[in-house]
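Structural overview for review
Chain residues, written in single-letter form:
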Amino acid sequence: MQSLKLLITSLSLAVILTISMPNTALANESGTEIGDDVAIILDLLILRPVGLVATVGGTLIFVGSLPISIPTGSVGKTFRALMVKPASYTFWRTLGEDV
């Protein structure tokens with residue numbers, strides 16, 4: 001009777017611990033959750049303005065590179081590299097996502 005009580009107690013404890021452990025698996029390597037407050041502030045105050053400058057600079061470089069990229073047929077590739085990637089990083093990404 002004593003061993004049955006010990007077995008039931010041990011199994012109950014194992015089940016409770018197993019159910020409660022998935023919460024720790026939600027953290028990333030640095031121990032923070034995605035969208036952490038510090039990451040959002042860093043993204044909003046530093047990375048978004050840098051992305052905006054990269055978008056404007058990429059647009060100017062794209063327009064300047066048109067005389068070279070039109071004859072070579074690489075306008076689409078140049079457009080994606082210099083305008084689409086910086087703009088999507090700046091405007092369409094969730095705050096704090098890639099910090």
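Here, every reference points to the structure presented above.
In this text the structure is predicted, and so the values were computed from the model without any measurement. (Residues numbered from 1 in each chain as written. Predicted model: local features only at pLDDT ≥ 70, side-chain atom pairs only at ≥ 80, totals over all residues. Heavy atoms only, no water.)

1. Topic: helix H3 (residues 75-92)
Put simply, the test is: The seven residues ending at a residue and the seven starting there each receive a fitted axis; the angle between those axes is the bend at that residue. Labels follow the DSSP assignment, with helices taken as runs of H or I lasting at least four residues and strands as runs of E lasting at least two, numbered in each case from the N terminus. The buried label goes to any residue with under 20% of its type's maximum accessible area, the exposed label to any with over 50%, and the partly exposed label to all in between, with areas taken from a 1.4 Å probe on protein chains only. Any two residues whose heavy atoms approach within 4.5 Å at even a single point are treated as in contact.
Ala81 marks the point of greatest bend in H3, at about 35°. Here H3 has its buried residues at Thr78, Met83, Pro86, Ala87 and Thr90. On the buried face of H3, the contacting elements are helix H2 (37-72).

2. Some remarks on the packing of H2 against H3
Two quantities define a packed helix pair, namely the angle between the helix axes and the distance between the axes. We apply this condition: For helices, the fitted axis covers only the stretch in contact; all axes are lines through C-alpha atoms, and the angles between them, taken along N-to-C directions, range from 0 to 180 degrees. Roughly parallel refers to an angle under 35 degrees, roughly antiparallel to one over 145, roughly perpendicular to one between 65 and 115, and oblique to any angle outside these ranges. In this classification, Asp, Glu, Lys and Arg are treated as charged, Ala, Val, Leu, Ile, Met, Phe, Trp, Tyr, Cys and Pro as nonpolar, and every other residue, Gly included, as polar.
Interhelical geometry of H2 versus H3 gives an angle of 170° and a closest axis separation of 8 Å. Compared by their axis directions, H2 and H3 come out roughly antiparallel. Looking at the contact of H2 with H3 residue by residue, the classes come out as 15 nonpolar, 8 polar and 1 charged.

3. Quick word on the packing of aromatic side chains
Centre-to-centre distance and the angle between the planes together describe a pair of aromatic rings. Stated precisely, the cut-off is as follows: Aromatic rings from Phe, Tyr and Trp, with only the six-membered ring used for Trp, were paired whenever their centres fell within 6.5 Å, and each pair was classed as stacked if the ring planes differed by under 30 degrees, edge-to-face if by over 60, and tilted otherwise. The criterion for a charge sitting over a ring is simple: Lys NZ or Arg CZ within 6 Å of the ring centre, and within 35 degrees of the ring normal.
Counted under the stated rule, the structure contains 2 aromatic pairs. With a centroid separation of 5.6 Å and 65° between ring planes, the pair formed by Phe62 and Phe79 is classed as edge-to-face. Pair noted here: Phe62 is in helix H2 and Phe79 is in helix H3, with a separation of 17 residues, a long-range link. According to the relative accessible area criterion, Phe62 is buried, its value standing at 10%. A centroid spacing of 6.5 Å and a plane angle of 70° characterise the contact between Phe91 and Trp92, whose relative ring orientation is edge-to-face. If you follow Arg93 out to its NZ or CZ, it ends over the ring of Tyr89, 3.9 Å from the centre.

4. As for a nonpolar patch on the surface
Filter applied, for reference: Note that patches include only residues with greater than 30% relative accessible area and no salt bridge, and the join distances are 9 Å for like charges and 5 Å for nonpolar side chains (Val, Leu, Ile, Met, Phe, Trp, Tyr). Every accessible area reported is derived by Shrake-Rupley at a probe size of 1.4 Å, with residue values counting cover from the shown protein chains alone. Salt bridges are defined as contacts in which a side-chain nitrogen from Lys or Arg sits within 4 Å of a carboxyl oxygen from Asp or Glu.
On the surface, a nonpolar cluster with roughly 640 Å² of combined accessible area is contributed by Ile41, Leu42, Leu44, Leu45, Ile46, Val50 and Leu95. Its location among the elements puts Ile41 in helix H2.

5. Structural notes on H2
So the rule is basically this: One fewer than the residue count of a helix, multiplied by 1.5 Å, yields its expected span.
For H2, spanning 36 residues, the distance from its first C-alpha to its last is only 46 Å, which falls clearly below the expected 52 Å at 1.5 Å a residue. Along H2, the sharpest change in direction is near 60° and occurs at Leu66; proline Pro67 comes one to four residues later. Inspection of H2 places Ala39, Asp43, Arg48, Gly51, Thr55, Gly58, Phe62, Ser65 and Ser69 among the buried residues, and these make up the whole buried set. Among the structural elements, H3 are those in contact with the buried residues of H2. Phi for Gly73, located one or two positions after H2, is positive at around 75°.

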